[in-house]
Amino acid sequence: MAALKVFIHEWCHLCHDLLSDLAPVARELELSVEVVDLAGDPELDARWGEYVPVVMAGDKALCHYRLDADAVRAHFRNFR
């Protein structure tokens, strides 16, 4: 199963909105989603904190702030 990682701040309403919007896309594409709260990782927070939420596929950021479902679909269409 292909995977996404989503960097968030637990207190961030945009993060919760993106996770809600991402759920049906993840089901459609059969993706697992790992949620990483940056409060637990100062190094990742320094790199990605101002961009949260960030949807990652491996080392590639697919979108941030708001879900770009088309970018997520396009990325995985190229790998199937």
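Along each chain, residue indices are assigned from 1 in the same order as the chain's sequence is written. Reporting in this predicted model follows two pLDDT cut-offs: at least 70 for local features of residues, and 80 or more for side-chain atom pairs to be given and counted; totals over whole chains, interfaces and linings ignore these cut-offs and use all residues. For side-chain calculations, the full set of non-hydrogen atoms in the structure is used, while hydrogens and water are omitted.

(A) Examining the side chain of H9 more closely. Helix and strand definitions here come from DSSP, where helices need a minimum of 4 consecutive H or I residues and strands a minimum of 2 consecutive E residues; each element is numbered from the N-terminal end. Positionally, H9 belongs in the loop between β1 (2-8) and α1 (13-29). In this structure, H9 is in contact with C15, D37, L38, A39, D45, G49 and V52, ignoring residues within four places of it in sequence. The contact rule is simple, with two residues in contact once any of their heavy atoms fall within 4.5 Å.

(B) Structural context of unusual backbone geometry. Residue P53 follows V52 across a cis peptide bond; omega there is -5°. Here P53 is to be found in the loop between α2 (42-48) and β3 (54-57). Its identity is not glycine, yet E30 carries a phi of approximately 55°, on the positive side. The topology assignment puts E30 in the loop between α1 and β2 (31-37). The phi dihedral of Y65 is positive, around 70°, even though this residue is not glycine. In this fold, Y65 is placed in the loop between β4 (60-64) and α3 (69-77).

(C) Representation of the sheet that holds β1 within the structure. Each pair of strands is called paired provided DSSP finds at least two bridges between the two strands. The strand order across the open sheet built from four strands is β2-β1-β3-β4, with neighbouring strands paired in mixed fashion. Either end of the sheet is taken by a strand with one partner, and the two such strands are β2 and β4. With strand direction ignored, the average angle separating the axes of adjacent strands in the sheet is 25°. As judged from the three bridges shared by β1 and β3, these two strands associate in the antiparallel manner. Note on β3: the bridge partner recorded for V6 is V55. For helices, the fitted line uses only the C-alpha atoms of the stretch in contact; every axis is such a line through C-alpha atoms, and the angle between N-to-C directions lies from 0 to 180 degrees.

(D) Local environment of the packing of α1 against α3. Where α1 meets α3, the closest approach of the two axes is 11 Å, and the angle between their N-to-C directions is 20°. Considered as vectors, α1 and α3 are oriented roughly parallel to each other. As for how α1 packs across α3, the hand of that crossing is right-handed. In this structure, α1 contributes V25, E28 and L29 to the contact, and α3 contributes A69, V72 and R73. Note on residue classes: Ala, Val, Leu, Ile, Met, Phe, Trp, Tyr, Cys and Pro are nonpolar, Asp, Glu, Lys and Arg are charged, and everything else, Gly too, is polar. Within the contact of α1 with α3, the residues separate by chemical class into four nonpolar, no polar and two charged. Here roughly perpendicular refers to angles of 65 to 115 degrees, roughly parallel to angles under 35, roughly antiparallel to angles over 145, and oblique to all remaining angles. The sense of a crossing depends on the near helix, which, turned anticlockwise from the far helix by less than a right angle, makes the crossing left-handed and, turned clockwise, makes it right-handed.

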